[in-house]
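Each chain, written out:
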2 protein chains.
Amino acid sequence: MSWLDEVPWGKDGMITAVAQDAASGRILMVAWMNREALEQTVARKQAVYWSRSRKRLWHKGEESGHVQKVLEVRLDCDADAVLLKVEQVAGIACHTGRESCFFRKLEDGRWMSTDPVLKDPKLIYKDR
Amino acid sequence: MSWLDEVPWGKDGMITAVAQDAASGRILMVAWMNREALEQTVARKQAVYWSRSRKRLWHKGEESGHVQKVLEVRLDCDADAVLLKVEQVAGIACHTGRESCFFRKLEDGRWMSTDPVLKDPKLIYKDR
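Predicted model only: the values in this text are computed from it and were never measured.

**Student:** Tell me about the overall build of chain A, residues and numbers included.
**Tutor:** A tally of helices and strands in chain A yields three helices and eight strands. Along the chain direction, N to C, the helices and strands of chain A fall in the order α-β-β-α-β-β-β-β-β-β-α. The C-alpha radius of gyration of chain A comes to 15 Å, within 12% of the 14 Å expected for a compact globule of 128 residues. A total of 128 residues make up chain A; the buried ones form 52% of that total. Of the contacts formed within chain A by residues at least 6 apart in sequence, a portion of 42% connects residues at least 24 apart.

Structure below.
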């Protein structure tokens, strides 16, 4: 597929993927994609990343149920990063139970957790 | 500085940096930072990245004048990505003269340029 060939898959075969909530504009998370992840993301219209820790494709929400419905995919000028505009199911992207993984803000030389935990991670992952 | 030590600088010493326009919420660009880049970004309150192509610190806007004034810095849950909320001088982040580097959108299997060029790059870089 030619649109996939426009990405220079580089030596490690990875690009950066940023997920943004389409409604609020909030940045939810940053993750990685290889060619297959991007292909599946577009085919399924749900975010599929490459998990560097698990070394396998990671259908976001496969355990938590918190899938990301992909409404739009954008590519940057040097084609090594994609931006997904998503509808975040349950409004929780982070494994800590928060809306966004970027829940810490630098204030006076300290990273302060500014965002509430919306659901206890124990409850998110208990039945899965 | 302890807030810098909370980032696991990894084997290549890099983290991902996402710049978001604080007013519009638009994602402007994705780049890289090493420890020194992040330290300088916070100290100068302007975005300083690590240029992988030039292999040196890159004060965003040093050539174009299109600096990014940093209003907020956020860290993600696994501390390998930072989000900068910025005021983008001239409203142009991309070297192509567009607001955002993410000016291509996937439509029917093709990357379509959806965003206008706000200023000719020849004019942006001519005197520098």
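The structure having been displayed, the exposition proceeds.
**Student:** Please provide a residue-by-residue account of the environment of Asp115(B), values included.
**Tutor:** Residues and elements named next belong to chain B. Examined against the element boundaries, aspartate 115 turns out to sit in the loop between strand S8 (110-113) and helix H3 (121-125). According to the relative accessible area criterion, aspartate 115 is buried, its value standing at 13%. A distance of 2.4 Å separates polar atoms of two side chains, one belonging to aspartate 115 and the other to arginine 26.

**Student:** Lay out the relation of the copies chain B and chain A in plain terms, naming residues and giving numbers.
**Tutor:** Screw-axis analysis of chain B against chain A gives a translation of 0.0 Å along the axis, an RMSD of 0.0 Å, and a rotation angle of 180 degrees. In symmetry terms, the pair is related by a two-fold rotation axis. When each C-alpha of chain B is compared by its distance to the rotation axis, Gly25(B) comes out closest, at 2.8 Å. Taken together, the interface assignments show that 97% of the residues at the interface of chain B recur at the interface of chain A, consistent with an identical surface on both copies.

**Student:** How would you sum up the sheet that holds strand S1 (residues 15-21) of chain A? Please name residues and give values.
**Tutor:** Read from one edge to the other, the open sheet built from six strands follows the order S2(A)-S1(A)-S6(A)-S5(A)-S7(B)-S8(B), with strand pairing classed as mixed. Taken across any chain shown, the strands that pair with only one partner, and hence form the sheet edges, are strand S2 (27-33) of chain A together with S8 of chain B. Across the sheet, the axes of successive neighbouring strands diverge by a mean angle of 35 degrees, strand direction being ignored. Alignment of strand S5 (residues 68-75) of chain A against strand S6 (residues 81-88) of chain A, held across seven bridges, turns out to be antiparallel. The residue of S6(A) that forms the bridge with Glu72(A) is Lys85(A). Strands S1, S2, S5 and S6 of chain A together with strand S7 (104-107) of chain B of the sheet are contacted by helix H2 (residues 35-44) of chain A, whose axis makes an angle of about 130 degrees with S2(A).

**Student:** I'd like a description of the interface of chain B and chain A, backed by residues and values.
**Tutor:** At the interface, 36 residues of chain B touch 35 residues of chain A. Where chain B abuts chain A, roughly 3200 Å² becomes buried across the two surfaces, and 62% of that area is made up of carbon and sulfur atoms. Run the count over chain B and chain A and you get seven salt bridges. Between chain B and chain A we count 20 residue pairs in polar contact (both at pLDDT 80 or more) in total. Of all the elements in the fold, those that place two or more residues in the side of chain B that touches chain A are strand S1 (15-21), strand S2 (27-33), strand S5 (68-75), strand S6 (81-88) and S7 of chain B. No other element matches the four residues that S5(B) contributes to the side of chain B that touches chain A. Taken together, the residues that form the side of chain B that touches chain A break down as 19 nonpolar, seven polar and 10 charged.

**Student:** How would you summarise the pairing of S8(B) if you had to cite specific residues and measurements?
**Tutor:** Residues and elements named next belong to chain B. In this structure, S7 lies alongside S8, joined through four bridges in antiparallel fashion. Residue pairing in the sheet places arginine 104 in a bridge with serine 113 of S8. In textbook terms, the turn of a hairpin is the stretch between consecutive antiparallel strands, and for S7 and S8 this stretch comprises two residues, one of which, aspartate 108, has a positive phi near 50 degrees.

**Student:** Explain the side chain of Thr41(A) to me, and be specific about the residues and the numbers.
**Tutor:** Residues and elements named next belong to chain A. Secondary-structure assignment places threonine 41 in helix H2. The class of threonine 41 is buried, set by a relative accessible area of 0%. Side-chain polar atoms of threonine 41 contact the backbone nitrogen of valine 48, separated by 2.9 Å. If near-sequence neighbours (up to four positions away) are discounted, threonine 41 is found in contact with Met33, Gln46, Ala47, Val48, Val70 and Leu84.

**Student:** Let's hear about the state of the cysteines: which residues, and what values?
**Tutor:** For the structure shown, the criterion picks out zero disulfides over all chains. For Cys77(B), which is in no disulfide, the shortest distance to another cysteine sulfur is to Cys101(A) and amounts to 3.7 Å. Residue Cys77(B) is classed as partly exposed on the basis of its relative accessible area, which comes to 22%. Cys77(A) supplies the cysteine sulfur nearest to Cys94(B), a cysteine that is in no disulfide, at a spacing of 3.8 Å. On the basis of relative accessibility, which here comes to 2%, the residue Cys94(B) falls in the buried class.

**Student:** Tell me about the layout of surface pockets, and name the residues and values.
**Tutor:** A volume near 750 Å³ is recorded for the largest pocket. As for the largest pocket, its lining consists of 22 residues, of which Asp12(A), Trp32(A), Arg52(A), Asp12(B) and Trp32(B) are closest to the centre. Contributing elements (two or more residues each) for the lining of the largest pocket: S1 of chain A together with S1 of chain B. Residues belonging to the lining of the largest pocket are distributed by class as follows: 10 nonpolar, four polar and eight charged.

Conventions adopted
- Residues numbered from 1 in each chain as written.
- Chains lettered and ligands numbered in written order.
- Predicted model: local features only at pLDDT ≥ 70, side-chain atom pairs only at ≥ 80, totals over all residues.
- Heavy atoms only, no water.
- Helix = DSSP H or I, 4+ residues; strand = E, 2+ residues; numbered from the N terminus.
- Rg over C-alpha atoms; globule rule 2.2 N^0.38 Å.
- Buried < 20%, exposed > 50% of the residue type's maximum accessible area, 1.4 Å probe, protein only.
- Contact = heavy atoms within 4.5 Å.
- Polar contact = N/O pair within 3.5 Å; in protein donor to acceptor, adjacent residues only side chain to side chain.
- Least-squares fit on C-alpha atoms with pLDDT ≥ 70 in both.
- Pairing = 2+ DSSP bridges.
- Axes fitted to C-alpha atoms, helices over the stretch in contact; angles between N-to-C directions.
- Buried area = accessible area lost by both parts, 1.4 Å probe.
- Salt bridge = Lys/Arg side-chain N within 4 Å of Asp/Glu carboxyl O.
- Nonpolar A, V, L, I, M, F, W, Y, C, P; charged D, E, K, R; others polar.
- Disulfide = S-S within 2.5 Å.
- 1 Å grid on protein atoms, 1.4 Å probe; cavity = no way out; pocket = protein on both sides within 12 Å on 5 of 7 lines; lining within 4 Å.
- Points joined across faces, edges and corners; volume = space filled by probe spheres on them.

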